[in-house]
Amino acid sequence: MKQLVRTFALVFVAAFALMILASYLNKSQGYSGGNTLTIYNWGDYIDPDLLKEFEEESGMKVIYQTFDSNEAMLTKIEQGGTTFDVAIPSEYAISKMKEENLLVPIDHNKLPNLKNIDARFLNLNYDPNNQFSIPYFWGTVGIVYNPELVGGLTFDSWNDLWDPRLKNQILLLDGAREVIGMGLNSLGYSLNDTNEDHLQAALKKLSTLTPNVRAIVGDEIKMLLANEEAAVGLVWSGDASEIMDQNDKLDYKVPEEGSNLWFDSMVIPKTAKNVNGAHQFINFMLDPDHAARNAEYVGYSTPNAEALKLLPEDISQDERFYPDETLTSKLEVYNNLGKKMLSHYNDLFLEFKMHSK
């Protein structure tokens, strides 16, 4: 028994010593809260040169990690095993993070460059007064299509998707809010509608779309559309831009009935070790020159009004990705519907997918 206790004690001492050594090495290499900034972002969602410039300007070491879904990001932050100083989730994830007390309030006094953000994109319902989030990129949900393959359809209306000429020619992204929202919008309802009669009407109408649906897919939708495996796709605008870069025959349209206006925003998670550095980084990214370069690199729409002035006209004047206020006034940000209603949306979408097989 004494031998067992002695062995356990030696193991404990060795483990403690290793922990102290790791802490020392991390600090000696700059990996401590005050001089390190850990960023959690989507893959390929920032110009890497900007990260280098921030390191040089701030004297901080940037540790950059990526996620591939809001759900994966939420899980990791909820678990608390890894410290992140800045994260870049979407608006509905921000609502959940607020509810679960996972965010640090942002001090606007430390963000002099916040004045550069277009007022249209501030004080939205998912974060009134931008208490916890600052817009990073924004976009829409719409239709990518090949004009040569759709028989003259222009997709000014969602109802064009139901045209018999599109039999087996439509790809839908695998998202309940996007597809159910499309059905609701096509009937003139809000994509945040919770009226059961309206939801059932949308499901019934979507069921009549199935002859035209080739497949419901994930990220591969970009490759399939670029390779002309289908004529039409329901996609996010950022994906549309990437698809069109690969195949310049394609076009993108947001139907006139309205659609989703989405945002990815910068937040400071509750477990942040370098809150001051997080504010420095957010302000750095709000600089017009930095925001413009980032928008050119990533290909998504910037909410920075001053940065927009610095972009080439073929980007800044492209109303497919920078729609005018006539259209943006018809766009809606996804509301946080709550667990029960979101589960119901998922059930409706699953029913639609089963009907589509």
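The model shown is predicted, which means the values in this text are computed figures rather than measured ones. (Residues numbered from 1 in each chain as written. Predicted model: local features only at pLDDT ≥ 70, side-chain atom pairs only at ≥ 80, totals over all residues. Heavy atoms only, no water.)

**Q** Give a detailed account of the domain arrangement of the protein, specifying residues and quantitative values.
**A** A common way to report how large an interface is uses the accessible area buried once the components associate. In terms of domains, the protein is made up of domain 1 (33-131 + 263-323) and domain 2 (139-260 + 333-356). Between the C-alpha centres of domain 1 and domain 2 there is a distance of 28 Å. The partner domain 2 presents 13 residues to the twelve residues of domain 1 that form the contact. Taken over both partners, the interface formed by domain 1 and domain 2 buries close to 1200 Å², and the fraction arising from carbon and sulfur atoms is 57%. Counting the surface domain 1 buries against domain 2, the share from its top three residues, Tyr-300, Arg-320 and Phe-321, is 44%. There are one salt bridge connecting domain 1 and domain 2. Its salt-bridge partner being Arg-320, residue Asp-251 comes within 3.0 Å of it at the nearest N-O pair. Where domain 1 meets domain 2, there are three residue pairs in polar contact (both at pLDDT 80 or more). Of the residues forming the side of domain 1 that touches domain 2, the biggest block, four residues, is contributed by helix α4 (residues 91-99). Among the residues making up the side of domain 1 that touches domain 2, the classes are represented as five nonpolar, three polar and four charged. (Domains from an automatic or database assignment. Contact = heavy atoms within 4.5 Å. Buried area = accessible area lost by both parts, 1.4 Å probe. Salt bridge = Lys/Arg side-chain N within 4 Å of Asp/Glu carboxyl O. Polar contact = N/O pair within 3.5 Å; in protein donor to acceptor, adjacent residues only side chain to side chain. Helix = DSSP H or I, 4+ residues; strand = E, 2+ residues; numbered from the N terminus. Nonpolar A, V, L, I, M, F, W, Y, C, P; charged D, E, K, R; others polar.)

**Q** Tell me about the confidence of the model for the protein, and name the residues and values.
**A** Of the residues in the protein, 90% reach a pLDDT of 70 or more, and the chain-wide mean stands at 90. A low-confidence stretch, residues 17-32 stays under pLDDT 50, and its non-local contacts, those more than four residues away or across chains, total nine contacts. (pLDDT = per-residue confidence, 0-100.)

**Q** Kindly report on the nonpolar core, identifying the contributing residues and their values.
**A** Residues Phe-155, Leu-161, Met-182, Val-232, Met-266 and Phe-281 are the most contacted members of the largest nonpolar core, which totals 111 residues. Among the elements that make up this core, the one with the highest residue count is strand β4 (residues 134-145) (eight residues). Looking at which domains feed residues into this core, each of domain 1 (33-131 + 263-323) and domain 2 (139-260 + 333-356) gives three or more. Dropping the residues within four chain positions of it, Phe-155 is found in contact with Ile-143, Tyr-145, Val-150, Asp-160, Leu-161, Leu-166, Val-232, Lys-253 and Pro-255. (Core = buried A, V, L, I, M, F, W, Y, C linked by side-chain atoms within 4.5 Å. Buried < 20%, exposed > 50% of the residue type's maximum accessible area, 1.4 Å probe, protein only.)

**Q** Which residues make up the sheet that holds strand β2 (residues 61-67), and what are the values?
**A** Spatially, three strands are ordered β2-β1-β3 in an open sheet, and the strand pairing comes out parallel. Looking at the sheet topology across the chains shown, the edges are occupied by β2 and β3 (86-87). In the sheet, strand β1 (residues 36-42) pairs with β3 via two bridges, with the strands oriented parallel. Each residue of the ladder has a partner; that of Ile-39, found in β3, is Val-86. Packed onto the sheet, helix α3 (residues 70-79) meets β1, β2 and β3 and runs at close to 145° relative to β1. (Pairing = 2+ DSSP bridges. Axes fitted to C-alpha atoms, helices over the stretch in contact; angles between N-to-C directions.)

**Q** Can you tell me about the pairing of β2, naming the residues and giving the values?
**A** Where β1 lies against β2, seven bridges are found, and the strand directions are parallel. Among the inter-strand pairings, Asn-41 is bridged to a residue of β2, identified as Thr-66.

**Q** Describe the packing of aromatic side chains, and please don't skip the residues or the numbers.
**A** In this structure the tally under the stated criterion is 18 aromatic pairs. Residues Tyr-45 and Tyr-300 carry aromatic rings whose centres are separated by 5.4 Å and whose planes lie at 80° to one another, so their mutual orientation is edge-to-face. Remark: Tyr-300 occurs in the loop between α10 (288-298) and α11 (305-308) and Tyr-45 occurs in the loop between β1 and α2 (48-58); sequence separation between them is 255 residues. By the burial criterion, Tyr-45 is buried, and Tyr-300 matches it. Consider the rings of Tyr-136 and Phe-137, whose centres lie 4.7 Å apart with planes at 70°: the pair is edge-to-face. The same class applies to Tyr-136 as to Phe-137, namely buried. Put simply, the rings of Tyr-45, Tyr-136, Phe-137, Trp-262 and Tyr-300 pair up and form one aromatic cluster. (Phe/Tyr/Trp six-rings, centres within 6.5 Å; stacked < 30°, edge-to-face > 60°.)

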